[in-house]
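Residues per chain are reported as follows:
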Amino acid sequence: MKSITSKTDTLRKATASSVVVAAAQTIERLKSNDVPKKDVLIIARAAGVMAAKKTQEIIPYCHPIPIDSVDIDFEVLTDRVVVTASVEAIWKTGVEMEALTASSVAALTIYDMLKPVDKNM
């Protein structure tokens, strides 16, 4: 792991996006909460926040960072869900890995929860 001891604390911000592509019928079922596992976006948001906070545990050279904010937003379109994760911290190193991890895990959660109704995502 690279030393960051000489760096000063500054506001760090990063935003990352992931996309889950699905059939229009699947998106309609998502919107109406008509899927077996229910509450897909609520669970995906929680998973994304949790992932941001645990990034240093799964990315070997990633520094542990005291995260100040994680926002997970969803844009539900006719054939896809765009996941956008924004992370902020006041620290010595950036939060881009946390944002990337958060958006990826939120998208993976959406995929996992929708796969019973759409095997072709």
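Everything discussed here concerns the structure shown above.
Just so we're clear, the structure is a prediction, and the values are computed from it rather than from any experiment.

A. How the structure looks around the environment of Lys115. Looking at where Lys115 falls in the secondary structure, it is placed in the segment after helix H4 (96-114). Expressed as a C-alpha distance, the spacing of Lys115 and Ile42, which sit 73 residues apart in the sequence, is 17 Å.

B. Examining the packing of helix H2 (residues 40-53) against H4 more closely. Between H2 and H4, the least distance of the axes is 7 Å, while the angle of their chain directions is 150°. Our pair here, H2 against H4, has a crossing hand that is right-handed. Taken together, the residues of H4 that come into contact with H2 (itself represented by Val40, Leu41, Ile43, Ala44, Ala47, Gly48, Ala51 and Ala52) are Glu98, Thr101, Ala102, Val105, Ala106, Thr109, Ile110, Met113 and Leu114. Looking at the contact of H2 with H4 residue by residue, the class counts come to 13 nonpolar, three polar and one charged.

C. Representation of helix H1 (residues 24-31). The complete set of buried residues in H1 reads Thr26, Ile27 and Leu30. Along the axis of H1, the buried residues cluster in a sector spanning 100°; they form a single face. Residues of H1 that are buried in the fold lie against H2, strand E2 (67-76), strand E3 (80-91) and H4. Note on H1: the residue one or two positions beyond its end, Asn33, has a positive phi of about 60°.

D. Structural context of the pattern of salt bridges. Considering all chains together, one arrives at seven salt bridges under this definition. Where Lys13 meets Glu88, a salt bridge forms, and the shortest distance between an N and an O atom there is 3.9 Å. With Lys13 in strand E1 (residues 10-21) and Glu88 in strand E3, this pair connects stretches of sequence that are 75 residues apart. One salt bridge in this structure joins Glu57 and Lys54, with 3.7 Å as the shortest N-O distance. Judged by relative accessible area, which is 54%, Glu57 ranks as exposed. Here Lys54 falls in the partly exposed class, since its relative accessible area comes to 43%. Residues joined in a network through salt bridges with shared partners are Lys37, Asp112 and Lys115.

About the cut-offs
Residues numbered from 1 in each chain as written. Predicted model: local features only at pLDDT ≥ 70, side-chain atom pairs only at ≥ 80, totals over all residues. Heavy atoms only, no water. Helix = DSSP H or I, 4+ residues; strand = E, 2+ residues; numbered from the N terminus. Axes fitted to C-alpha atoms, helices over the stretch in contact; angles between N-to-C directions. Left-handed = near helix turned anticlockwise from the far one by under 90°. Contact = heavy atoms within 4.5 Å. Nonpolar A, V, L, I, M, F, W, Y, C, P; charged D, E, K, R; others polar. Buried < 20%, exposed > 50% of the residue type's maximum accessible area, 1.4 Å probe, protein only. Arc of directions from axis to C-beta. Salt bridge = Lys/Arg side-chain N within 4 Å of Asp/Glu carboxyl O.

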